[in-house]
Amino acid sequence: MKKRLSALLLAAMILSLAACAAPEHSDDSSLTANQRYALEKLDQVNDMVLTRETVPSDCLRYLPDDLAELVEEYNDQTGNLRIRFTANARRVVHSLLYDLEDRTEPLVYEYPQVYYDWVGRISHYALFENFTELCENDPSLSFPLYVEGGGSYGMWALPSHFYDDRDVQELQDYLRLVEQLLDAFDAARETKV
């Protein structure tokens, strides 16, 4: 009896996992191969926007024109903000590693790997609305936040301390664009591209 129950539970788990792993759009037999491929690309681009990656221009050919234009605007704003937030993150990391202990700073390309890693992580997370939580929950960044907690250097992950005045409005506009894009992806999926 126990073996039979175990076998049934195992079969149910396998079927459940198979259903989760199956491509989302493959069950619609009315779609052509090109439409299915376009839906897959739409999903990939959607995921790239969710993770704030730059979308390669070749992917835009599989999107409706109005959506492709929004993605191009998203790419442009993502790049501009990333560069600016990299400068902000560089100031933060420089202060954490060099200003506190009067260390001699290295030349620009001679910083330790942790310097570039922290700058990259911070500038990436700055593109999200929950910037503070992303930094606090990143294993590499939570340590300096903990160590510097209670002092001014521990406040760098707060939006009020990280973003310059002009960054705030541009980030809000960017986040609205991301929401608009996500809604447009959903609408395109409904119409099956």
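All of these numbers come straight from a predicted model, not from anything done at the bench. (Residues numbered from 1 in each chain as written. Predicted model: local features only at pLDDT ≥ 70, side-chain atom pairs only at ≥ 80, totals over all residues. Heavy atoms only, no water.)

**Q** Outline the overall build of the protein, listing residues and values.
**A** Secondary structure summary: the protein contains 8 helices and 0 strands in total. In the protein, once contacts between residues fewer than 6 apart in sequence are set aside, the share between residues at least 24 apart is 62%. For the protein, the exposed area adds up to about 12400 Å²; of that, 54% sits on carbon and sulfur atoms. (Helix = DSSP H or I, 4+ residues; strand = E, 2+ residues; numbered from the N terminus. Contact = heavy atoms within 4.5 Å. Areas by Shrake-Rupley, 256 points an atom, 1.4 Å probe, with all protein chains shown as cover.)

**Q** Describe in detail the packing of helix α4 (residues 113–125) against helix α6 (residues 139–147), supporting the description with residues and values.
**A** At a minimum axis distance of 10 Å, the contact between α4 and α6 shows a crossing angle of 95 degrees. Relative to α6, the element α4 is oriented roughly perpendicular. In contact with Asp 117, Trp 118, Arg 121, Ile 122 and Tyr 125 of α4, α6 contributes Ser 140, Leu 141 and Pro 144. Of the residues that constitute the contact of α4 with α6, the class distribution is 5 nonpolar, 1 polar and 2 charged. (Axes fitted to C-alpha atoms, helices over the stretch in contact; angles between N-to-C directions. Parallel < 35°, antiparallel > 145°, perpendicular 65-115°, else oblique. Nonpolar A, V, L, I, M, F, W, Y, C, P; charged D, E, K, R; others polar.)

**Q** Can you explain the side chain of Asp 167? Please cite residues and give values.
**A** By the secondary structure assignment, Asp 167 is in helix α8 (residues 165–190). Overall, Asp 167 belongs to the buried group, its relative accessible area being 0%. (Buried < 20%, exposed > 50% of the residue type's maximum accessible area, 1.4 Å probe, protein only.)

**Q** How would you sum up the pattern of salt bridges? Please name residues and give values.
**A** Applying the stated rule across the entire model yields 8 salt bridges. For Asp 164, the salt bridge identified is with Arg 91, shortest N-O distance 3.5 Å. In this pair, Asp 164 sits in the loop between α7 (159–162) and α8 while Arg 91 sits in helix α3 (residues 65–99), placing the two residues 73 residues apart along the sequence. Residue classification places Asp 164 among the partly exposed positions, given a relative accessible area of 36%. A salt bridge links Asp 117 to Arg 121, with the shortest nitrogen-to-oxygen separation between them at 2.9 Å. Of this pair, Asp 117 and Arg 121 both sit in helix α4, 4 residues apart, which is roughly one turn of the helix. Relative accessible area serves as the criterion here: at 26%, Arg 121 is assigned to the partly exposed category. (Salt bridge = Lys/Arg side-chain N within 4 Å of Asp/Glu carboxyl O.)

**Q** Residues and numbers for unusual backbone geometry, please.
**A** Of note, Arg 52 is a non-glycine position whose phi angle comes to about 60 degrees, a positive value. With respect to the helices and strands, the residue Arg 52 is situated in the loop between α2 (33–50) and α3. Residue classification places Arg 52 among the buried positions, given a relative accessible area of 7%.

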